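Chain and residue survey
As a plain string of letters, each chain reads:
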Amino acid sequence: QVQLVESGGGLVQAGDSLRLSCAASGRTFDRNPMGWFRQAPGKEREFVAAISWSGDSIYYADSVKGRFIISRDNAKNTVYLQMNSLKPEDTAVYYCAAPTTRLAVPVRPKEYDYWGQGTQVTVSS
């Protein structure tokens with residue numbers, strides 16, 4: 001059974017940093033891209049960042065570009081999201097996800113097949 005488990009969320013103030021982790025078990029994703037998404041109350045789930053299996057290709061939503069950094073450690077089957085200069089509008093449940101495809105780096109939620117349970121990030125002003 002495939003499991004993606006996020007950790008590292010919490011309550012922080014605007015301008016602070018957080019590092020999210022997503023550990024995969026049940027299978028390895030070292031040849032699959034991985035992605036981070038978020039969903040705020042009353043809003044649709046939105047793309048945040050994605051990384052190819054090698055780490056050579058990385059994509060960010062415009063809203064987080066220059067503030068968030070996605071990375072991965074394939075030996076640990078783990079993907080990270082370093083979030084800096086957090087803003088109140090970053091408040092959401094953050095999900096990591098993995099697709100079964102290995103051919104491209106998807107950025108749409110429907111292209112991902114495995115999802116974690118989410119971790120809450122709350123940024124106060």
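In this report, the structure presented in the accompanying data block is examined. (Residues numbered from 1 in each chain as written. Predicted model: local features only at pLDDT ≥ 70, side-chain atom pairs only at ≥ 80, totals over all residues. Heavy atoms only, no water.)

1. Concerning the environment of Leu81
Mapped onto the fold, Leu81 is located in strand β8 (residues 78-83). Leu81 sits in the buried class, given a relative accessible area of 0%. Each C-alpha atom, one on Leu81 and one on Val48, is 9.5 Å from the other, the two residues being 33 residues apart in sequence. Among all residues touching Leu81, those that are not within four sequence positions of it are Leu18, Arg19, Leu20, Trp36, Val48, Ala49, Phe68, Ile69, Ile70 and Tyr94. (Helix = DSSP H or I, 4+ residues; strand = E, 2+ residues; numbered from the N terminus. Buried < 20%, exposed > 50% of the residue type's maximum accessible area, 1.4 Å probe, protein only. Contact = heavy atoms within 4.5 Å.)

2. Looking at the sheet that holds strand β7 (residues 68-73)
Strand order in the open sheet formed by four strands is β1-β3-β8-β7, and the pairing between neighbours is antiparallel. Strand pairing shows two members of the sheet lacking a second neighbour, β1 (3-7) and β7, which therefore form its edges. Averaged over all pairs of adjacent strands, the angle between their axes in this sheet comes to 15°, without regard to strand direction. As defined by bridge partners, β7 adjoins β8 across six bridges and the pair is classed as antiparallel. Of the residues in β8, the one forming a bridge with Ile69 is Gln82. (Pairing = 2+ DSSP bridges. Axes fitted to C-alpha atoms, helices over the stretch in contact; angles between N-to-C directions.)

3. Looking at the pairing of strand β11 (residues 119-124)
Residue alternation in β11 divides its side chains into a buried set, Thr119, Val121 and Val123, and an unburied set, Gln120, Thr122 and Ser124. Strand direction decides the pairing type here: strand β2 (residues 10-13) and β11, joined by four bridges, are parallel. Within β11, the position partnered with Val12 by the bridge is Val123. As defined by bridge partners, strand β9 (residues 92-98) adjoins β11 across three bridges and the pair is classed as antiparallel. Pairing of Tyr94 across the sheet is with Thr119, part of β11.

4. Focus on empty space enclosed by the protein
Scanning the entire structure with this criterion turns up one cavity of 30 Å³ or more. Each pocket or cavity is described by its volume, and for the largest cavity that value is around 40 Å³. Lining the largest cavity are Cys22, Ala24, Phe29, Met34, Arg72, Asn74, Asn77, Thr78 and Val79. Elements represented by at least two residues in the lining of the largest cavity include exactly β3 (18-25) and β8. Looking at the lining of the largest cavity residue by residue, the class counts come to five nonpolar, three polar and one charged. (1 Å grid on protein atoms, 1.4 Å probe; cavity = no way out; pocket = protein on both sides within 12 Å on 5 of 7 lines; lining within 4 Å. Points joined across faces, edges and corners; volume = space filled by probe spheres on them. Nonpolar A, V, L, I, M, F, W, Y, C, P; charged D, E, K, R; others polar.)

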